Amino acid sequence: MEILYTIYFFIFGTILGSFYNVVGYRLPRGESLIKPRSHCTNCNHVLTPIELIPILSFLIQGGKCKNCKQKISWFYTIFEFLTGLLFALSYIIFGFSIELIVALFFVSMAIIIIISDYQTLIIPDEVIIFFSISFIVLDYFRGDINKFIYYLLSGIAAFITMYIIKKIGDFWFKKESMGGGDIKLMFVFGLVLGYSMSILSIFIGSIVGLPISLIILKKKNTNIVPFGPFLCIGALIIFFLNLNIELLTSFVLY
């Protein structure tokens, strides 16, 4: 039965991952999430139900549009698979619990932000607001009132810390060092991870992001690399490994 549930969560994740591709692409551009229907960006061919099946449609069509034969980017399929994988992992780790709901929401937010920030260099305020409210509500059910206040204060403290880091960066580099979306994102991380771990996500994200940034800079011939995706990767690593200050302290000492 556990295997069956894991498969269900994987399939559910791939379906939502397909939708998150649409959200991440359209929302920062101010486009409707409903209209027009999903279509080929090359020939505007409206996708049929078979062409909308996550992952499988890409494989069935050989990675090409059914109508114009234009190659379809692996980008969309990768995030469909990744969302499904993280949804399944969420169930395996947390089972049916309030933490599972937190995990599914956290993964959903991270996927949307990675797609959006990578493609448009924008982290939509709508995404931050929606998930901030969601996590505040979920925090209320994660523990007692003291824990609820801790997570809320952690979000505020993480936001302030990131704002200070940005100001220092702006002064040091004599230009905009990071976007406002990255600062707002830290508020959400604080609501989920707590203050110390949300700050740690900055360092993990920086370590992960350095080699990838060099590749992007060379490939795209640009000097602008979005930091939001790397922050999300760092936060997901912390969340799924259940890292905490006590665990890190004991690891360093022993």
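In this text the structure is predicted, and so the values were computed from the model without any measurement.

A. Summary view of the overall build of the protein chain. When you go through the protein chain residue by residue, the secondary structure sums to 10 helices and zero strands. Starting at the N terminus and ending at the C terminus, the protein chain contains elements arranged as α-α-α-α-α-α-α-α-α-α. Radius of gyration (C-alpha) of the protein chain: 19 Å, near the 18 Å computed for a compact globule of 254 residues. The buried share of the protein chain, reckoned over its 254 residues, is 44%. On the protein chain, roughly 14,300 Å² of surface is accessible, and the fraction owed to carbon and sulfur atoms is 71%. Within the protein chain, one finds 18 positive and 14 negative side-chain charges whose respective centroids are separated by 13 Å.

B. Local environment of the confidence of the model for the protein chain. On average, residues of the protein chain score 87 in pLDDT, and 93% of them are at 70 or above. The secondary structure element of the protein chain with the lowest average pLDDT is helix α10 (residues 245-253), at 56, and the one with the highest is helix α4 (residues 98-120), at 96.

C. Examining a positive patch on the surface more closely. A contiguous patch of positive charge on the surface is contributed by Lys 64, Lys 66, Lys 69 and Lys 71. By the element assignment, Lys 69 lies in the loop between α2 (56-60) and α3 (74-94).

Definitions and cut-offs
Residues numbered from 1 in each chain as written. Predicted model: local features only at pLDDT ≥ 70, side-chain atom pairs only at ≥ 80, totals over all residues. Heavy atoms only, no water. Helix = DSSP H or I, 4+ residues; strand = E, 2+ residues; numbered from the N terminus. Rg over C-alpha atoms; globule rule 2.2 N^0.38 Å. Buried < 20%, exposed > 50% of the residue type's maximum accessible area, 1.4 Å probe, protein only. Areas by Shrake-Rupley, 256 points an atom, 1.4 Å probe, with all protein chains shown as cover. Lys, Arg positive; Asp, Glu negative; His and termini not counted. Charge placed at Lys NZ, Arg CZ, Asp CG, Glu CD. pLDDT = per-residue confidence, 0-100. Patch = residues over 30% accessible without salt bridge, like charges linked within 9 Å, V, L, I, M, F, W, Y side chains within 5 Å. Salt bridge = Lys/Arg side-chain N within 4 Å of Asp/Glu carboxyl O.

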